[in-house]
Amino acid sequence: MYFQLTAISYQLIMITLTINDKEITLDKPVTVLEAAKQAGIKIPTLCYHEALKPYGGCRLCVVEVERMPRLQTACTLMAADGMLVKTESDNISIVRRGILEFLLINHPLDCPYCDKAGECELQDLVNKYGPTVGRYKEEKRRVPESHKDEIFTRNMSRCVVCTRCVRMCSDVQGASAISIMGRGSHSRMEPFSPGSFNCEYCGNCLTVCPVGAILSRLYIHSFRPWQIDKEVETICSYCGVGCSLVAQVRDDSIKRVIPRMGLGLNKGLLCSRGRFGYEYINSDERLKTPLVRKNGKLVESTWSEALGIVADRLMQIKKSDGGSAIAGIASPRCSNEDNYVFQKFMRMACGTNNIDSISRTGFAAAQKYFEELLGQGVTANMIEGLKNSETIFILGGDPSAINPILGLAVREAAGRGAKIVVLGNAKGLERFKTLQLAPSVFSEAVILEALLNEIYTAKGMRGENPALDKGIKALYENAAPKPDIHEFNEIRKILLDSASTAIVLGMDLLQRTDGHRSLLAVAGLIYLLEARLYLLSEKPNEQGVIDTGCVPDMLPGGRPLSVYEFKRKYETAWNGIIPENEGLTLLEIMEGAKDKKIKALYIMGENPVFNLPNEAYMVNALKSLEFLVVQDIFLTETAEIADVVLPALGWAEKTGTYTNLERRIQLQRKAVETLNGMEDWKIISEVSNKMGYRMKYTDSKDVMDEIAKVSPLYRDLTYQEISKGNCLWPYNGEPLRGEVSEAPAVFSTVNEYKGEFYLAVEKPLFHSGTLSRRSPALMKIYPEPALKISLKTAEKLGLNEGDRVQFFTQTGSKEAFVSIDESIKDNKVYYSNNFKGSGVFSLLTFNIDKVTKAPGIEGCEVKIKKL
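Residues numbered from 1 in each chain as written. Predicted model: local features only at pLDDT ≥ 70, side-chain atom pairs only at ≥ 80, totals over all residues. Heavy atoms only, no water.

Digging into the side chain of Gln367
Part 1 of the argument: With respect to the helices and strands, Gln367 occurs in helix H9 (residues 363-374).
Part 2 of the argument: Engagement of the side chain of Gln367 in a polar contact is seen with the side chain of Gln543, the distance being 3.1 Å.
Part 3 of the argument: Non-local contacts of Gln367, meaning those with residues more than four positions away in its chain, are made with Thr379, Leu535, Gln543, Ile546 and Arg663. (Helix = DSSP H or I, 4+ residues; strand = E, 2+ residues; numbered from the N terminus. Polar contact = N/O pair within 3.5 Å; in protein donor to acceptor, adjacent residues only side chain to side chain. Contact = heavy atoms within 4.5 Å.)

Structure, rendered in structure tokens:
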């Protein structure tokens, strides 16, 4: 007896069945459809999709099964031992032809006009199985095509009601933004909001739609699939997840970006930035030629002149003031190859260890802290593992906005029964959270310390890490009273009862004057609960910028600069002397520039004027320099005040490797050719050669070959191995093993936050840094910044959605429309840092955390006035 797909438990035994006289052996229970697919036998479907649960709606996958009286749907029928199946017969063909004929009663025959032509599943099925003529003469159902949405166009006359889009949106994406409306022949997909979709704009409904019912307006009527010159598998350029995608190229221009099922860790899913944010690469604002400042203005120059000026000025400053007067800022948006060559150039050609990146403001500071306490590799955890966690503790940010695909893993875990505990705000998890603790403003460290003390009381000392044990005990002995919050005891119980815990940490908790307090408490929780740690990463290569040595105290491969044997090994490999003293961190570099101790600054792919707090301070610091060179793809706010600007190549214009937040190294492949600039590593090499330190690289592969040769962590890595997508830490190398002798000191600050409102940084789903503001599609979704406030704040100020306000801090003011966000539980108001002239960092000041060296931006009071 055979069974339809139900809640039946199967023993893990070998299953042998026969499909079309072909014997197939399975090592796990699957449906007949999947078994046939494994054997290379194609069964037609419309409602089935490998990313979705079986549905059995279209009936096109019907098959004959011996001893079963009726045709069975292969997508829902589980394969059983001894089963005999036929996928093609006269009877099956008649049924499939009839089903397709029914679908064509209302489906418009507009294939020459429809943009789905060439990749339409219905078109292919009708061509193979369908009738040659239609017998129905009635007038077709007509539904007006909708272009009200800025991104999607809907033609419901073409909809075959397979419900793939609805199931993708609700079951996989977890957004539940669309549904099937109407009944019978009037059924159609509609968004819940009138006109526009008002959704997460992941576009995953586009991926699964088998016909031209939902299309992207980015490429509609612009090309057909057969006109694509090539498809290039590469990775996304936005966040630290590193999703795999396919760039479709025509005439050396990217026409569309799509996922591919089964490709990469995202497994065919994308977010709005990954799918629609690629257009910045074709922007008319791209830098095309070097710029040199003459008579106070930046003017176009030649490569020869610009590179010569950079080399001459750096050599002059090195000779007159020493290498310590030079500093460099690397970029987590650049590849491992770019960053490796950059740090080598700074150390060997410029003679300085003053090298850091914007990651110091969050990811790099947190990663250094945790690795020093818990060992290298503590953050090397696979995103897939989140789905199997019993409890996920979310701190310091919304993963569904910062790293959306990681956020989907959290949502899937919730669907599997995991408990999702949120400390603070996480709008994207509102419908998935088990428990939320909304503490008073900026008091998360107190909550985490109290929680650690409770766990320590229940579990006791582990004894495996003496330094951390000592730190936890010291914290316990100086503990403040337990917070009188109802949810606190519930969180304690959930964590103690959990057999598998994951902690997802955003950088908001770190960007405090005493951010290290939260880090110590989190490290203690990881240690006592044996939890896995995931650091949210806003840039694509924050881990890589660390691993390649773009930090002031570490050499490539995570080797401390202070250890003579490591330093000597790199000196031998690089044929030169590395400065002995550790360099300055990012904010120390800016402070040194302001105090005129740093004379020259080389910035590769970064925009500190816009991306660091207190814009006026940063501008003043950079203008105090004797020489500033910026290497970028756009004329950024920082580039505008540079002495020399060098145009680089961007995503899809170069080949290189990136290391994601799992510490997975992935290959970004070149997709298009351009004459706009040079690879970052190549520019650096040219400058270095002019300064007398020879670098002989012909392509990025040469750089990776050197990294694999000199770095113990990257030992013997090749592009061929990396391109397989399974290059996980510690690769073929040797992680550094060691013990910390003492936990970092805790510098407690006593601040009473009694202000009415406080300004904080919004991390919007649709934007990332400043690249996204040059993507027309993302700008259509989120065209301008809004001041996000809680419902309670709105009622207190008498504000409604869409009201225009002016808000003030001690450093300036801005105007914006109000957006009321019910997920905000405290008296913070949020403003983004993505739009030109409207960055929140220009309104914030900072203090430096004494331990992490990250900026503390908490406690910025803000006044709000309705206009």
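More follows now that the structure is in view.
Structural notes on helix H11 (residues 404-415)
Part 1 of the argument: Spanning 12 residues, H11 covers 16 Å between terminal C-alpha atoms, matching the ideal 16 Å at 1.5 Å per step.
Part 2 of the argument: Buried residues dominate H11, accounting for 10 of its 12 residues.
Part 3 of the argument: Every buried residue of H11 is listed here: Pro404, Ile405, Leu406, Gly407, Leu408, Ala409, Val410, Arg411, Ala413 and Ala414.
Part 4 of the argument: The positive-phi residue at the C-terminal boundary of H11 is Gly417, with phi of around 105 degrees. (Expected span 1.5 Å × (residues − 1). Buried < 20%, exposed > 50% of the residue type's maximum accessible area, 1.4 Å probe, protein only.)

Looking at the sheet that holds strand S1 (residues 15-19)
Part 1 of the argument: Taken in spatial order, the five strands line up as S2-S1-S5-S3-S4 in an open sheet, and their pairing is mixed. Two strands lie at the open edges of the sheet, namely strand S2 (22-26) and strand S4 (72-73), each paired on one side alone.
Part 2 of the argument: With two bridges connecting them, S1 and strand S5 (residues 84-86) associate as parallel partners. Bridge pairing in S5 places Ile19 opposite Val85. (Pairing = 2+ DSSP bridges.)

Here we look at the packing of aromatic side chains
Part 1 of the argument: Tallied over the full model, the rule gives 22 aromatic pairs.
Part 2 of the argument: Between the aromatic rings of Phe442 and Tyr758, the centroid separation amounts to 5.4 Å while the plane-to-plane angle is 80 degrees, which identifies the pairing as edge-to-face. Residue Phe442 is found in the loop between strand S19 (435-437) and helix H12 (444-459), and its partner Tyr758 is found in strand S30 (residues 758-762); the two are separated by 316 residues along the sequence.
Part 3 of the argument: Here Phe442 falls in the buried class, since its relative accessible area comes to 13%.
Part 4 of the argument: With relative accessibility at 2%, the residue Tyr758 sits in the buried group.
Part 5 of the argument: Aromatic pair Tyr617 and Phe846: ring centres 5.7 Å apart, planes at 85 degrees, arrangement edge-to-face. On the criterion of sequence distance, the pair formed by Tyr617 in helix H20 (residues 615-623) and Phe846 in the loop between strand S34 (828-832) and strand S35 (847-848) is long-range, its members being 229 residues apart. An identical accessibility class is assigned to Tyr617 and Phe846; each is buried.
Part 6 of the argument: Every member of this aromatic cluster is reached through a ring pair, and the members are Phe152, Phe197, Tyr201, Phe276, Phe766, Tyr782 and Phe835.
Part 7 of the argument: Stacked on the ring of Tyr129, the Lys or Arg Arg96 has its end atom at 5.3 Å from the ring centre.
Part 8 of the argument: Here the basic side chain of Arg559 rests over the ring of Phe566, its NZ or CZ set 5.6 Å away from the ring centre. (Phe/Tyr/Trp six-rings, centres within 6.5 Å; stacked < 30°, edge-to-face > 60°. Lys NZ or Arg CZ within 6 Å of the ring centre and 35° of its normal.)

Re the nonpolar core
Part 1 of the argument: Counting residues in each nonpolar core, the largest one holds 202 residues, and the members touching the most others are Leu314, Phe345, Phe370, Phe393 and Tyr602.
Part 2 of the argument: Examining the composition of this core, we find that 10 residues originate from one element, helix H15 (residues 515-529), more than from any other.
Part 3 of the argument: Those residues in contact with Leu314 that sit more than four places away from it in its chain are Ile326, Phe345, Cys350, Ala600, Tyr602, Phe627, Val687 and Met691.
Part 4 of the argument: Membership of the second largest hydrophobic core comes to 47 residues, among which are Leu628, Ile789, Leu799 and Ile857. (Core = buried A, V, L, I, M, F, W, Y, C linked by side-chain atoms within 4.5 Å.)

What about the pattern of salt bridges?
Side chains bearing opposite charge may pair, as long as their charged atoms lie close to each other.
Part 1 of the argument: In total, this model carries 52 salt bridges according to the counting rule given.
Part 2 of the argument: Across the pair Glu190 and Arg154 runs a salt bridge, and its minimum N-O distance is 2.7 Å. Here Glu190, found in strand S8 (residues 188-191), pairs with Arg154, found in strand S6 (residues 152-154); they are 36 residues apart in sequence, far enough to count as distant. Assigned by exposure class, Glu190 and Arg154 land together as buried.
Part 3 of the argument: Across the pair Lys763 and Asp508 runs a salt bridge whose closest N-O atoms are separated by 3.1 Å. On the criterion of sequence distance, the pair formed by Lys763 in the loop between S30 and helix H24 (776-781) and Asp508 in the loop between strand S20 (501-505) and H15 is long-range, its members being 255 residues apart.
Part 4 of the argument: Linked through salt bridges whose partners overlap, the residues forming this network are Lys267, Glu384, Lys387, Glu412 and Arg416. (Salt bridge = Lys/Arg side-chain N within 4 Å of Asp/Glu carboxyl O.)

Quick word on the sheet that holds strand S27 (residues 656-659)
Part 1 of the argument: Taking strand neighbours across the sheet as the criterion, the three strands line up as S27-S28-S29 in an open arrangement whose pairing is antiparallel. Looking at which strands have only one partner, the edges of the open sheet turn out to be S27 and strand S29 (727-728).
Part 2 of the argument: Both strand S28 (residues 664-668) and S29 contribute to a ladder of two bridges, which runs antiparallel. Looking at the pairing, Arg664 lines up with Leu728 of S29.

Describing the confidence of the model for the chain
Part 1 of the argument: Confidence in the prediction for the chain averages 93 pLDDT; 98% of positions are at 70 or higher.
Part 2 of the argument: Predicted confidence for residues 1-11 stays below pLDDT 50, and this span has 20 contacts to residues more than four positions away or in other chains. (pLDDT = per-residue confidence, 0-100.)

Section: the packing of helix H13 (residues 466-477) against H15
Part 1 of the argument: Relative to each other, H13 and H15 sit at 120 degrees, their axes nearing to 10 Å. Here H13 lies oblique to H15, going by the angle between them. For H13 against H15, the interelement crossing comes out left-handed. Here Leu468, Asp469 and Ile472 of H13 lie close against H15, whose contacting residues are Leu520, Ala523, Gly524, Tyr527 and Leu528.
Part 2 of the argument: Its residues assigned to classes, the contact of H13 with H15 shows six nonpolar, one polar and one charged. (Axes fitted to C-alpha atoms, helices over the stretch in contact; angles between N-to-C directions. Parallel < 35°, antiparallel > 145°, perpendicular 65-115°, else oblique. Left-handed = near helix turned anticlockwise from the far one by under 90°. Nonpolar A, V, L, I, M, F, W, Y, C, P; charged D, E, K, R; others polar.)

Considering the pairing of S30
Where a strand is regular, its side chains alternate between the two sheet faces.
Part 1 of the argument: In terms of residue burial, S30 counts as a mostly covered element, since five of its five residues are buried.
Part 2 of the argument: Bridge analysis of S30 against S34 gives five bridges, and the strand direction is parallel. By the bridge assignment, Glu762 is partnered in S34 with Ser832.

Overview of the packing of H12 against H15
Part 1 of the argument: At their nearest, the axes of H12 and H15 sit 9 Å apart, and the two run at 25 degrees to each other. Classified by the interaxial angle, the pair formed by H12 and H15 is roughly parallel. Note that H12 runs across H15; the crossing there is left-handed. Along its contact with H12, which presents Glu444, Ala445, Val446, Leu448, Glu449, Leu451, Leu452, Ile455, Tyr456 and Lys459, the element H15 presents Arg517, Ser518, Leu520, Ala521, Val522, Gly524, Leu525, Leu528 and Leu529.
Part 2 of the argument: Class assignment for the residues of the contact of H12 with H15 results in 13 nonpolar, two polar and four charged.

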